[in-house]
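# Summary of the model geometry
Residue strings, one per chain:
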Amino acid sequence: MKEHLNYAPTPPMGWNSWDCYGATVREDEVKAHADFMADHLLKFGWEYVVVDIQWSEPEAVSTRYNDFFPLHMDEYSRLIPAENRFPSAVDGVGFKALGDYIHAKGLKFGIHIMRGIPRQAVHQNTAIKGTEKRARDIALNNICPWNSDMYGVNVDVPEGQLYYDSLIELYASWGVDFIKVDDIADSKLYHDAHKKEIVAISQAIQKVGRPMILSLSPGPAHLKNGTFFQDHANMWRLTDDFWDHWDALYNMFDRTAEWASFVRPGNWPDCDMLPLGHIGLRAVDGGGGDNWTRFTKDEQYLLMSLWTIFGSPLMFGGTLPDIDDFTLSLLTNESVLQMYREVVERRQVYRDDEWVVWQGYSENDEYVAIFNVSDKDSVVPEEVKKLVEGTALLDLWHGKMFELEDEWEVASHGVLLGKL
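Reading guide: rules and limits
- Residues numbered from 1 in each chain as written.
- Predicted model: local features only at pLDDT ≥ 70, side-chain atom pairs only at ≥ 80, totals over all residues.
- Heavy atoms only, no water.
- UniProt positions renumbered as here; feature names shortened; annotations may be inferred.
- Axes fitted to C-alpha atoms, helices over the stretch in contact; angles between N-to-C directions.
- Helix = DSSP H or I, 4+ residues; strand = E, 2+ residues; numbered from the N terminus.
- Parallel < 35°, antiparallel > 145°, perpendicular 65-115°, else oblique.
- Contact = heavy atoms within 4.5 Å.
- Nonpolar A, V, L, I, M, F, W, Y, C, P; charged D, E, K, R; others polar.
- Phe/Tyr/Trp six-rings, centres within 6.5 Å; stacked < 30°, edge-to-face > 60°.
- Lys NZ or Arg CZ within 6 Å of the ring centre and 35° of its normal.
- Core = buried A, V, L, I, M, F, W, Y, C linked by side-chain atoms within 4.5 Å.
- Buried < 20%, exposed > 50% of the residue type's maximum accessible area, 1.4 Å probe, protein only.
- Disulfide = S-S within 2.5 Å.
- Pairing = 2+ DSSP bridges.
- Patch = residues over 30% accessible without salt bridge, like charges linked within 9 Å, V, L, I, M, F, W, Y side chains within 5 Å.
- Areas by Shrake-Rupley, 256 points an atom, 1.4 Å probe, with all protein chains shown as cover.
- Salt bridge = Lys/Arg side-chain N within 4 Å of Asp/Glu carboxyl O.
- Lys, Arg positive; Asp, Glu negative; His and termini not counted.
- Charge placed at Lys NZ, Arg CZ, Asp CG, Glu CD.

Under an unreviewed UniProt entry, the chain has the name Alpha-galactosidase and belongs to Fundicoccus culcitae. Recorded in UniProt under Sequence similarities (unreviewed entry), the annotation for the chain is "Belongs to the glycosyl hydrolase 27 family." Listed under Catalytic activity (unreviewed entry) in UniProt, the entry text for the chain is "Hydrolysis of terminal, non-reducing alpha-D-galactose residues in alpha-D-galactosides, including galactose oligosaccharides, galactomannans and galactolipids."

This is the structure we're talking about:
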């Protein structure tokens, strides 16, 4: 069994800064979310605190990037945190102090990185740790179309692998437990995953000896690469950035149905973050600016039911310190989370224009999710109820028992998630 499969025996659960702060999150905000998670969510399984993109840029302002802006970098061509945003990174400490703070609370620490080597390192031809070769000797002009920071890395030469080894070695010294690598699972320019660099990063993680979840972005990942992703990563995105739009949520039924057979311990195809609660403080692309989620409550139940019965990682995107009671209830429902952790087999078993049905099986229990994807409240039709192999259904969200002979009404864009 590949070692990386042991790093995530159940789907990772945590908070990611992107939906709230875009590229701009600061150390005090990360700590505030870690404090809340430790006090209120850790006991429910939420444990990862992930700093998303552009943490090395001192003047990041939103979800939009400052093209070719000078980034903070060490002498070995590796990006380091901007000290004006992360004061504890002063004097070359990097993220070590922040990682220690998060670990002291019983949590795990994650960061986002872009595939490749910084353009500024290539332009300055800076050093690479452990070799006389320099940045220009390993750079490839396979760039990201939406972020100007990086060139690709030529891992066909030993020094390219050595560069990624030095990156992961640095992150291990900071105590990083989770790495989200962007512009790698799917390329808008090159129409496929950057497989050689995925392998190089995966190998670097195995060499360093510190368990690190490897998450690949963005999507949509190509189904033809499913076994490749299983061999080299723990998570890979099934979609581009997912925001609070019904059309985007509806489309996830196609993607989860396609990818269900690839879900297993250590491998968790990723439906992306949960844009719930208070989002968009300094993140605007795809969202509505500083607002509460535009999903209705029924759509939020539907989203959480699909993500959990499918087995997607759960990365909450809203703010935690000001979370409302309803959103908190979505994250702390013990019956739903038990299903989420224990289901070992899942599949979509029915779909038409109005209804989608999923079944999930754990060692001891059977679950069913009946989704009403129509625009009207409706009673579950008999042909759908016939899929329920039992005499009654216990609603996991509300604790209500539905007898088989009863009429089961489900709200528009809502769900009945139950245990048989």
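### A few points about the packing of helix α10 (residues 297-310) against helix α12 (residues 334-342)
Two quantities define a packed helix pair, namely the angle between the helix axes and the distance between the axes. Where α10 contacts α12, the axes come no closer than 7 Å and their chain directions differ by 30 degrees. Relative to α12, the element α10 lies roughly parallel. Of α12, the residues touching α10 (which contributes Trp307, Thr308 and Ile309) are Val336, Met339 and Tyr340. In terms of residue class, the contact of α10 with α12 is built from 5 nonpolar, 1 polar and no charged.

### What to know about the packing of aromatic side chains
In total, this model carries 23 aromatic pairs according to the counting rule given. Ring centres of Phe402 and Trp408 lie 6.0 Å apart, and the angle between their planes is 75 degrees; this geometry places the pair in the edge-to-face category. Among the aromatic residues, those joined into a cluster by ring pairs are Trp55, Phe86, Phe95, Phe109, Tyr171 and Trp174. Seen from the ring of Phe228, Lys195 lies directly overhead, with NZ or CZ sitting 5.4 Å from the centre.

### Topic: the nonpolar core
Of all hydrophobic cores here, the largest spans 127 residues; its most connected members are Trp46, Tyr171, Trp307, Trp358 and Phe371. Excluding residues that lie within four positions of it along the chain, Tyr171 makes contacts with Ile111, Ile113, Val176, Ile179 and Met212. Core analysis: the second largest hydrophobic core is formed by 12 residues, Trp355, Val380, Val388 and Trp408 among them.

### As for the state of the cysteines
According to the stated counting rule, one finds 0 disulfides in the structure shown. For the unlinked cysteine Cys271, the closest cysteine sulfur is that of Cys20, found at 19 Å.

### Some points on the sheet that holds strand β6 (residues 150-153)
Across the sheet, 3 strands lie side by side as β4-β6-β5; this open sheet has antiparallel pairing. At either margin of the open sheet sits one strand with a lone partner, and together these are β4 (117-118) and β5 (139-140). Judged from the 2 bridges that link them, β5 and β6 form a sheet pairing that is antiparallel. Within the sheet, the bridge partner assigned to Leu140 lies in β6 and is Gly152.

### Focus on a negative patch on the surface
A surface patch of negative charge is lined by Asp298, Asp377, Glu382, Glu383, Glu403, Glu405, Asp406, Glu407 and Glu409. Residue placement: Glu405 occurs in the loop between β19 (401-403) and β20 (409-410). Classification of Glu405 as exposed rests on a relative accessible area of 64%.

### Remarks on the pattern of salt bridges
Side-chain pairs of opposite charge can arise where the charged atoms are in close proximity. Taken as a whole and judged by the stated rule, the model has 23 salt bridges. Here Asp100 ties to Lys96 by a salt bridge, and the two come within 2.7 Å at their closest N and O atoms. One end of the pair, Asp100, and the other, Lys96, are both in helix α3 (residues 96-104), 4 residues apart, so they sit about a helical turn from each other. For Asp100, a relative accessible area of 37% corresponds to the partly exposed category. Among the ionic pairs, Asp156 bridges to Lys196, the shortest N-O distance being 3.0 Å. Of this pair, Asp156 sits in the loop between β6 and α6 (158-174) while Lys196 sits in helix α7 (residues 195-208), and the two are 40 residues apart along the sequence. For Asp156, a relative accessible area of 55% corresponds to the exposed category. Salt bridges sharing partners connect three or more residues here, namely Arg26, Asp28, Glu29 and Arg282.

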